[in-house]
Amino acid sequence: MTAELKKERPMGRIVTITSGKGGVGKTTSSAAIGAALAKRGLKTVVIDFDVGLRNLDMIMGCERRVVFDFINVIQGDAKLKQALIRDKRLDTLYVLPTSQTRDKDSLTLEGVEAVLEELRGEFDYILCDSPAGIERGAQLAMHFADEAVVVTNPEVSSVRDSDRVLGLLNSRTKRAETEGAEPVKAQVLLTRYDAARVGKGEMMTVEDVLEILAVPLLGIVPESQAVLKASNVGMPVVLDAPSAAGAAYEDAVSRLLGEEVEMRLAGERRPGIFQRLFGRGA
Amino acid sequence: MRLGSLWPRKASTAQTAKERLQILLAHERAGRVADNLPALQRDIIEVIGRHLKIDSEAIDIRMEQGRDYSSLEINIEFPAASEPKAPSRR
Ligand SMILES: Nc1ncnc2c1ncn2[C@@H]1O[C@H](COP(=O)(O)OP(=O)(O)OP(=O)(O)O)[C@@H](O)[C@H]1O
Ligand SMILES: [Mg+2]
C-alpha cells in the first residue's frame, strides 16, 4: 500500500469559469483552458453547467456525439463514464455535456457534489463552465470550486458583475462556509481586450480593472478573429492555428499551474508596467 | 439566382459552422432521440440480461450523428465464463 502511494494521483482541482455577465467568453475560455491543460498531459474534464442552453459541445466540436448528459447522471439514468465524451484530438480531454431540454432545477446540490467527487478521483482538473447570471445555476457551478477564473471584459457592466461574483465566491461556496478552509482562489481573466481602443482611451486598461477588482490577474486575452474561426469549426482556440488569443490562453494556463510567465499583449512581450505591478513574482 | 453564386464558395470556416449547425439542428428538431436513450439503455440491459449475466454498468453507448445517417455503437462487456441464467425481470 505504501509503495502504491506514490502513484496515486492527488485529488483533482475544481476550477469554476464564471463571470456574472453573459457573453463575455466563459465557454470559449473553458474550452481553451481545458485543452491547454490536457495538452500538458493533465487529465481534464470540462463540465457544461449551462442547463438548457448547451453550447460547450459545439465549441469543443463534440456536439454530434452527445448521448447522455450531466442531468442523466445526476438523475441516475446513466453512469458518469457513459456520459463523458473523450476528445478526438487529445486523449486526456473530456467533456461532460449538459441537457438541452431540461432546466436549471434539474441540478441539485447533492447531485452536483456526487458527480464532482467522483470526477476528483479520476481527473487532475475539473472545469465548470458556468451559466451567466448569479442565480442557482451559477451558484452551483461555483459551490465546490477550489479556484475560480473570473472572466471579465474591460467594460463597466462586466466589471461590476465580476465584482458581484467575487463576493459570492467569498460567501456562498463550500470553502466559504467551511470553518478554517482556504477561500476559493479567484483570479481575473481579462478577455476581448482591444489594445487599440485602450490606447485611444475608449476602453479601460488592465490596471483600471485590477484596481477595481483587487484580485490577481490570470491573463489578458485580446479581442481576436481567431476565436470566431475556432468556434466555427469546433476547435478550442489553443488547438487551432497559432494565434494571439491561443498564446494568451496558454500563458494563462501556465500561471494557473503556478508558473511565472510575463504578462504580454497580442503576442508581444510587454515587460514593464504589468510585470512590475501585477507579475506574480513582484 | 442563388445567392451563393455571387460569392465564390470556398471551404471557409463559416461554411463549416453552417454545416455543423444544419446537421445538429436537424437532429434536434426531428425529435429528441437523446431523451429516449436512458430508456433504450434500460431495455437493452433487460433483454441481454435475460440471456447473459451482465452488469448494468458494463454497457457503453456511443453515438455519432451525421448528415445522412447516424450511428449508434453499443458495447456490452460481460465475463468470459458467463453462463446463461434463468430468465429474470429487473
Ligand atoms: N477573445 C475574443 N475575441 C473575439 N471574440 C470573442 C473572444 N472571446 C469570446 N468571443 C466571442 O464572444 C461570444 C461569447 O463567447 P462565449 O460563448 O464564450 O461567452 P459566454 O460567457 O460563455 O456566454 P454565456 O454567458 O452566454 O454562456 C462568442 O461569439 C465568442 O466567439
Ligand atoms: Mg457560455
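Source: prediction; values computed, not measured.

Asker: Teacher, can you tell me more about the overall build of chain B here?
Answerer: Looking only at helices and strands, chain B has two helices and two strands in total. For chain B, the succession of helices and strands along the chain, N to C, is α-α-β-β. A burial count over chain B gives 22% of its 90 residues as buried. For chain B, long-range pairs separated by at least 24 residues make up 54% of all intrachain contacts whose partners lie at least 6 apart in sequence. For chain B, the exposed area adds up to about 6,800 Å²; of that, 55% sits on carbon and sulfur atoms.

Asker: Help me understand the pairing of strand E1 (residues 59-64) of chain B in this model?
Answerer: For a regular strand, side-chain orientation follows a simple rule: the groups alternate between the two sheet faces. All names here are of chain B. Every second residue of E1 is oriented toward a common face, the buried set being Ile59, Ile61 and Met63 and the non-buried set Asp60, Arg62 and Glu64. In terms of strand pairing, E1 meets strand E2 (residues 71-76) through six bridges, oriented antiparallel. Bridging from a neighbouring strand, Met63 pairs with Leu72 of E2. Joining the antiparallel neighbours E1 and E2 is a turn of six residues.

Asker: Explain the packing of aromatic side chains here, please?
Answerer: Residues and elements named next belong to chain A. The tally for this structure, following the rule as stated, stands at two aromatic pairs over all chains. Geometrically, the ring pair formed by Phe49 and Phe70 is edge-to-face, given 5.1 Å between the ring centres and 75 degrees between the ring planes. Taken together, the residues span a long stretch of sequence, with Phe49 in the loop between strand E2 (44-48) and helix H3 (56-59) and Phe70 in helix H4 (residues 70-74) at a distance of 21 residues. Summarising the burial analysis for this pair, Phe49 and Phe70 share the class buried. Summarising the aromatic geometry, the rings of Tyr94 and Phe123 are spaced 5.3 Å apart at their centres and angled 80 degrees between planes, so their arrangement reads as edge-to-face. Placement of Tyr94 in strand E4 (residues 93-96) and of Phe123 in the loop between helix H6 (109-120) and strand E5 (125-129) is noted, with a sequence separation of 29 residues between them. Like Tyr94, the residue Phe123 is buried in the burial classification.

Asker: Any chance you could explain the pairing of E5(A) here in plain terms?
Answerer: All names here are of chain A. For E5, the tally of buried residues reaches five of five residues, placing the bulk of the element in the interior. Of the two faces of E5, both are covered, the one formed by Tyr125, Leu127 and Asp129 as well as the one formed by Ile126 and Cys128. One ladder, built from five bridges, connects strand E1 (residues 13-18) with E5; its direction is parallel. Looking across to E5, one finds that Ile17 is bridged to Asp129. Of the pairings in the sheet, the one linking E2 to E5 comprises five bridges and is parallel in character. Bridged to Thr44 within E5 is Tyr125.

Procedures and definitions
Residues numbered from 1 in each chain as written. Chains lettered and ligands numbered in written order. Predicted model: local features only at pLDDT ≥ 70, side-chain atom pairs only at ≥ 80, totals over all residues. Heavy atoms only, no water. Helix = DSSP H or I, 4+ residues; strand = E, 2+ residues; numbered from the N terminus. Buried < 20%, exposed > 50% of the residue type's maximum accessible area, 1.4 Å probe, protein only. Contact = heavy atoms within 4.5 Å. Areas by Shrake-Rupley, 256 points an atom, 1.4 Å probe, with all protein chains shown as cover. Pairing = 2+ DSSP bridges. Phe/Tyr/Trp six-rings, centres within 6.5 Å; stacked < 30°, edge-to-face > 60°.

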